[in-house]
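Observations on chain architecture
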Amino acid sequence: MPEPMPEPGSEEPVRPDQPGPFQVGTIEFPFWTGGPGFTLAKISYPAQHDGWLAPADRSAGRYPSIVVAPATWTGPNLYEWFTDYVVRHGYIVFRYFPENILALDPHMHADTVCDAIDKLIDIDDDRFNPLRGLIDHDAFAALGVSLGGAGALLAAARDRRIRAVIGLAPGRDAKEPELYARIDTEVRNVVAPTLIMSGQNDGICPGSGVHYLDLVPRGYKTYLEIAGGNHVQFLDPSEVDIHLPGLPRDGEPGITFAEQHAIANVYATAFLHAALKGDGYCEVQVLGADAVRAVRDGRLSDLRSEAGPLPLPFPAATAGVRSAAAAAVPVATSGDLIGAAGTVASALLLRVNGLVRDLARGVERATAEMEKRILG
């Protein structure tokens, strides 16, 4: 029997492996990227009911926002699998058509991701926009697929408003060594918590996920490889045989689109909950014992991580504990099962960070309740 849907606005968020409680509203509008002209943007948001221009659900206050950078030759409509899932878990998702759908330079996406954050801030202050007052200015994330994944990493390297970055099969082009040498140098400036996911059978950009992970400085970062997954299955299902000219054909998948999407959604949502909402149990799900079990169970074929502390604001009462956690040395793990199982120190650090964060949340709630009683 499926678990009942929780009510929106509850104190604790729903676990990432359970259906989220929110409905999905959508708006579309012309979006000036700062490039050659206008393109089309689409925003999905927690709503009172599913549908176009549905009234926003304001029960949970402000929401974190994610800007999605698409893969080459694709637009925003091939990422419904991710968008619907995370919006139902309490996120706003901004998707866009690239100003040049054939462009092969990830810098275009980095520019557009930063422009999209500017636009979200403008929307939040627009008295005529239905999303006014819903956007958390301290909780932006960037997510990209393939070439867009490289663009999302570049955006995180240059824009400190990005508090978390996810690269799904982030792209590289061996035929452009000078361009990607510059990109590698820039990615070394990423300081936001980073999640990179690839498919085990990726035939288009094999090895690129690990390459980018190694470039990101030591800190809160992880690489997850989905067993049997490939490159194209990070898009919505399609009957079209997607083959980009000049690129090798993708590897034959060992799992379905739906299976790859389900695994990616759970880990992406857990990562976002930890990085943007401060939910400690999700850290363990992404980097700790839960992820190690996924390797043993065959859902993940590779796991590499460093469990650095998350750069989240904390109440003054926990500042001393937070400083102690921040001073802990991150632990890198290897990509095989033995290395993954050796993440005990990482998992312990995650437990401590998570307990401190959850304790802080409880103190805040208790203090607010006490103030209500005194003032009331």
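The structure presented is a predicted model; accordingly, all values stated were derived computationally and were not measured. (Residues numbered from 1 in each chain as written. Predicted model: local features only at pLDDT ≥ 70, side-chain atom pairs only at ≥ 80, totals over all residues. Heavy atoms only, no water.)

Before going further, it helps to examine the overall build of the protein chain. Counting its regular elements, the protein chain contains 11 helices and 10 strands. The proportion of buried residues among the 376 residues of the protein chain is 55%. (Helix = DSSP H or I, 4+ residues; strand = E, 2+ residues; numbered from the N terminus. Buried < 20%, exposed > 50% of the residue type's maximum accessible area, 1.4 Å probe, protein only.)

A contiguous nonpolar surface patch, about 300 Å² in accessible area, is contributed by Trp-73, Ile-101 and Leu-102. Mapped onto the secondary structure, Ile-101 falls in the loop between β5 (92-96) and α2 (107-124). The class for Ile-101 is partly exposed, based on a relative accessible area of 35%. (Patch = residues over 30% accessible without salt bridge, like charges linked within 9 Å, V, L, I, M, F, W, Y side chains within 5 Å. Areas by Shrake-Rupley, 256 points an atom, 1.4 Å probe, with all protein chains shown as cover. Salt bridge = Lys/Arg side-chain N within 4 Å of Asp/Glu carboxyl O.)

This brings us to unusual backbone geometry. Residues other than glycine seldom take positive phi values, yet Leu-53 does so here, at roughly 55°. Inspection of the secondary structure puts Leu-53 in the loop between β3 (51-52) and β4 (63-69). For Ala-169, which is not glycine, the phi dihedral falls at a positive 45°. Secondary-structure assignment places Ala-169 in the loop between β7 (162-168) and α4 (177-187). Taking the relative accessible area as the measure of exposure, Ala-169 reaches 0% and is therefore buried.

It is worth spelling out the pattern of salt bridges at this point. Counted by the stated rule, this structure contains 13 salt bridges. Glu-80 serves as the salt-bridge partner of Lys-42, at 3.9 Å between the closest nitrogen and oxygen. Here the residue Lys-42 occupies a position in strand β2 (residues 38-47), and Glu-80 occupies one in helix α1 (residues 80-87), the gap between them amounting to 38 residues. Judged by its relative accessible area of 10%, Lys-42 is buried. Arg-299 is the partner of Asp-297 in a salt bridge, and the nearest nitrogen-oxygen pair spans 3.3 Å. Connected through salt bridges with shared partners, the residues Glu-28, Lys-42, Glu-80 and Arg-95 form a single ionic network.

Let us now look at the packing of α2 against helix α3 (residues 147-158). The interhelical angle for the contact between α2 and α3, taken along N-to-C directions, is 55°, at an axis separation of 7 Å. Here α2 lies oblique to α3, going by the angle between them. Where α2 crosses over α3, the handedness of that crossing is right-handed. Only Leu-147, Gly-148, Gly-151, Leu-154, Ala-155 and Arg-158 of α3 make contact with α2, whose side of the interface consists of His-107, His-109, Ala-110, Asp-111, Val-113 and Cys-114. In terms of residue class, the contact of α2 with α3 is made up of six nonpolar, four polar and two charged. (Axes fitted to C-alpha atoms, helices over the stretch in contact; angles between N-to-C directions. Parallel < 35°, antiparallel > 145°, perpendicular 65-115°, else oblique. Left-handed = near helix turned anticlockwise from the far one by under 90°. Contact = heavy atoms within 4.5 Å. Nonpolar A, V, L, I, M, F, W, Y, C, P; charged D, E, K, R; others polar.)

This part is about the pairing of β4. Counted residue by residue, β4 has seven buried out of seven residues, so it is predominantly covered. In this sheet, strand β6 (residues 135-145) lies alongside β4 in parallel orientation, the contact comprising six bridges. Counterpart to Ser-65 in the pairing with β6 is Phe-140. Pairing analysis gives four bridges linking β4 to β5, with the strands arranged parallel. Bridging from a neighbouring strand, Val-68 pairs with Arg-95 of β5. (Pairing = 2+ DSSP bridges.)

Right, let's talk about the side chain of Thr-26 for a bit. Within the secondary structure, Thr-26 sits in strand β1 (residues 23-32). Relative accessible area serves as the criterion here: at 17%, Thr-26 is assigned to the buried category. Apart from the residues within four sequence positions on either side, Thr-26 is in contact with Lys-42, Ile-43, Ser-44, Tyr-45, Gly-51, Trp-52 and Leu-53.

Most of β5 is tucked away, with five of its five residues classed as buried. Side-chain alternation along β5 places Ile-92, Phe-94 and Tyr-96 on one buried face and Val-93 and Arg-95 on a second face that is also buried. Bridge count between β2 and β5: four bridges; the pairing is antiparallel. Directly across from Ile-43, in β5, lies its bridge partner Phe-94. Tracing the backbone out of β4, into α1 and back to the parallel element β5 gives a crossover that is right-handed. (Right-handed = clockwise from strand over helix to strand, strands pointing away.)

To continue, consider the confidence of the model for the protein chain. Across the protein chain, the average pLDDT comes to 80, with 73% of residues at or above 70. Across residues 1-6 the pLDDT falls below 50, and counting only partners more than four positions away or on other chains, this stretch makes seven contacts in the model. Counting contacts from residues 312-361, a segment whose pLDDT is below 50, to residues more than four positions away or on other chains yields 88 contacts. (pLDDT = per-residue confidence, 0-100.)

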